[in-house]
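# Examination of the molecular architecture
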Amino acid sequence: MTSMVAERPTAEAALTIDVEDWFHSANLKGVIARGVWEECELRVERNTMRILEILDACHARATFFVLGWVAEKCPQLVRAIDAAGHELASHGYGHELVYSLLPSEFRSDVLRSKRCLEDLTGKSIRGYRAPCFSITEWAIPILQDLGFDYDSSVVPTVAHDRYGRLPGVHAGKPVVLLRDGFYEVSISCIRLGRRGIPWGGGGYFRLIPYPVWLQGVRTILHSGNPYIFYIHPWEIDPGQPHVAGIKSIDAFRQRVNLHRCEKRFAALVRTFRWMPLCDLIDGWCVGHGNARCSLN
Ligand SMILES: [Zn+2]
C-alpha cells in the first residue's frame, strides 16, 4: 500500500535521471547508428517534462545527467531542469561506451558536454555518469582534472554484460572516496556477499513486481545505506517507435513493461523523500568529517 506521506527512514534516497532519447539507448546501438540520430523522432523533451511534473508534485529533487547531444538540441529543457531546482550533471556528449574510447577521445567528449551545461546554466557541473555504466579506472583522473568531484557510473553486480568496474567499489559501500576530493556513488544493489542484484532502476525496475521492488528499497534503507535510483525519460514512453532487427534480449531490455513504468515511478517518488546526489555526497562528507567535499 502506498502511503500519502513520504517515508523518512534513517538512510537517504537519491534520485537520478539519465536524460537521453529512446534512440540513444545501448539496446538499439546495433541498428541506430549515430549518423541517423538526426532523423529520429525527438521525444526526450516531452518525456523529461513529464518527469519534472511527477517530481514537482512531490517536491522531490533529483540529479539529471544530461547527454550533451540532447543539451545542444533542447537548451530550453536544460534551463527548465535548472529552474526547477534540480542538479544538472553530465552524461557525456555522444553516448559512447567509455572503455571503447581512447582517453583523449573520452576527455573531449566529456568536456564538450560539461561546457555546454555550464554555458546554459552558469553553474559548475560536479557529477558525471558514463553511458551504460561503462566506467573504467583510467577515466577517473581525467574526470577530476576536468573539474568533476564525483562519478556515479558503477552498478556493483556481475549480472550484466556491459557494465564497467572500479576497484574498491562494491554493493556494501555506495559512497566511496576514490581519490582525494573525488567520490564514486554507485547504483543500488541488494547485497549478495560483496556482489549485488541490481536494485536501482532500468529494466530490473520495470520487470520485478512493484511490491517486491519496494520491499527491496526498504531493506537497503533500513540497512543504513543510502538508496540510489535511476531512470531514463524513454522508460515512461510506451509510444516510442518499435525498431526492427535488434536481438531479442535487447528488445526485451528496451521495452519490458514500458506501459507500467510511469505509474510505478510516480508511486516510488511519492513513497520516499528524495535528494540529488550533490546533497547526498555533501551530507556523507559531513558525516565522515571530510570538509573538502563541498565545492560550491
Ligand atoms: Zn545513457
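Scroll up to find the structure this text is about.
Residues numbered from 1 in each chain as written. Predicted model: local features only at pLDDT ≥ 70, side-chain atom pairs only at ≥ 80, totals over all residues. Heavy atoms only, no water.

## Some words on the packing of helix α3 (residues 75-83) against helix α4 (residues 103-121)
- Running from amino to carboxyl end, α3 crosses α4 at an angle of 65 degrees, the nearest separation of the two axes being 10 Å. The angle between α3 and α4 falls in the class roughly perpendicular. Seen along the crossing, α3 lies across α4 with a hand that is right-handed. Within the contact between the two elements, α3 uses Pro75, Val78, Arg79 and Asp82 and α4 uses Leu117, Leu120 and Thr121. (Axes fitted to C-alpha atoms, helices over the stretch in contact; angles between N-to-C directions. Helix = DSSP H or I, 4+ residues; strand = E, 2+ residues; numbered from the N terminus. Parallel < 35°, antiparallel > 145°, perpendicular 65-115°, else oblique. Left-handed = near helix turned anticlockwise from the far one by under 90°. Contact = heavy atoms within 4.5 Å.)

## Observations regarding the coordination of the zinc ion
- Around the zinc ion, the protein contributes the donor atoms Glu20 (OE), His91 (NE2) and His95 (NE2), at 1.9 to 2.1 Å from the metal centre.
- Donor residues binding the zinc ion come from one chain and are separated in sequence as E-x70-H-x3-H. One end of the pair, Glu20, is in the loop between β1 (13-19) and α1 (44-57); the other, His91, is in the loop between β3 (87-90) and α4, and 71 residues separate them in sequence. Note on accessibility: Glu20 and His91 belong to one class, buried. (Donors = N, O, S within 2.8 Å, 3.2 Å for Na, K, Ca; no water. Buried < 20%, exposed > 50% of the residue type's maximum accessible area, 1.4 Å probe, protein only.)

## Observations concerning α1
- Here α1 is 14 residues long and its end C-alpha atoms lie 20 Å apart, about the 20 Å a rise of 1.5 Å per residue gives.
- Buried within α1 we find Val44, Asn47, Thr48, Ile51, Leu52, Ile54 and Leu55. Seen along its axis, α1 keeps its buried residues to an arc of 160 degrees; they face one direction. In α1, the exposed residues that point more than 90 degrees away from the buried face are Asp56 and Ala57.
- Each element contacted by the buried residues of α1 is listed here: β1, β2 (63-66), α2 (68-73), α3, β10 (227-231) and α9 (258-271). (Expected span 1.5 Å × (residues − 1). Arc of directions from axis to C-beta.)

## Quick word on α9
- Given a rise of 1.5 Å per residue, 14 residues ought to cover 20 Å, and the 20 Å separating the end C-alpha atoms of α9 matches this to within 8%.
- Among all positions of α9, only Leu258, Cys261, Arg264, Phe265, Ala266, Ala267, Leu268, Val269 and Thr271 are buried.

## What to know about the pattern of salt bridges
- Counted according to the given criterion, the structure contains 16 salt bridges.
- As a salt-bridge pair, Arg50 and Glu262 come within 2.6 Å of each other at their nearest N and O atoms. Placement of Arg50 in helix α1 and of Glu262 in helix α9 is noted, with a sequence separation of 212 residues between them.
- With a relative accessible area of 32%, Arg50 lands in the partly exposed category.
- Between Asp145 and Arg107 there is a salt bridge, and its shortest N-O distance comes to 2.8 Å. With Asp145 in helix α5 (residues 139-145) and Arg107 in helix α4, this pair connects stretches of sequence that are 38 residues apart.
- Ionic contacts of the salt-bridge type, sharing partners, join the residues Glu41, Arg43 and Asp237 into one network. (Salt bridge = Lys/Arg side-chain N within 4 Å of Asp/Glu carboxyl O.)

## Quick look at the nonpolar core
- Phe64, Val66, Tyr227, Phe229, Phe265, Leu268 and Trp274 are the most contacted members of the largest nonpolar core, which has 74 residues in total.
- Counting 19 residues, the second-largest nonpolar core is a separate cluster that includes Ala14, Val155, Cys189 and Met275. (Core = buried A, V, L, I, M, F, W, Y, C linked by side-chain atoms within 4.5 Å.)

## Considering the pairing of strand β6 (residues 175-179)
- As defined by bridge partners, β6 adjoins strand β7 (residues 182-185) across 4 bridges and the pair is classed as antiparallel. Paired with Val176 across the strands is Glu184, a residue of β7.
- Count of turn residues in the β6/β7 antiparallel hairpin: 2 residues, of which Gly181 carries a positive phi of about 80 degrees. (Pairing = 2+ DSSP bridges.)

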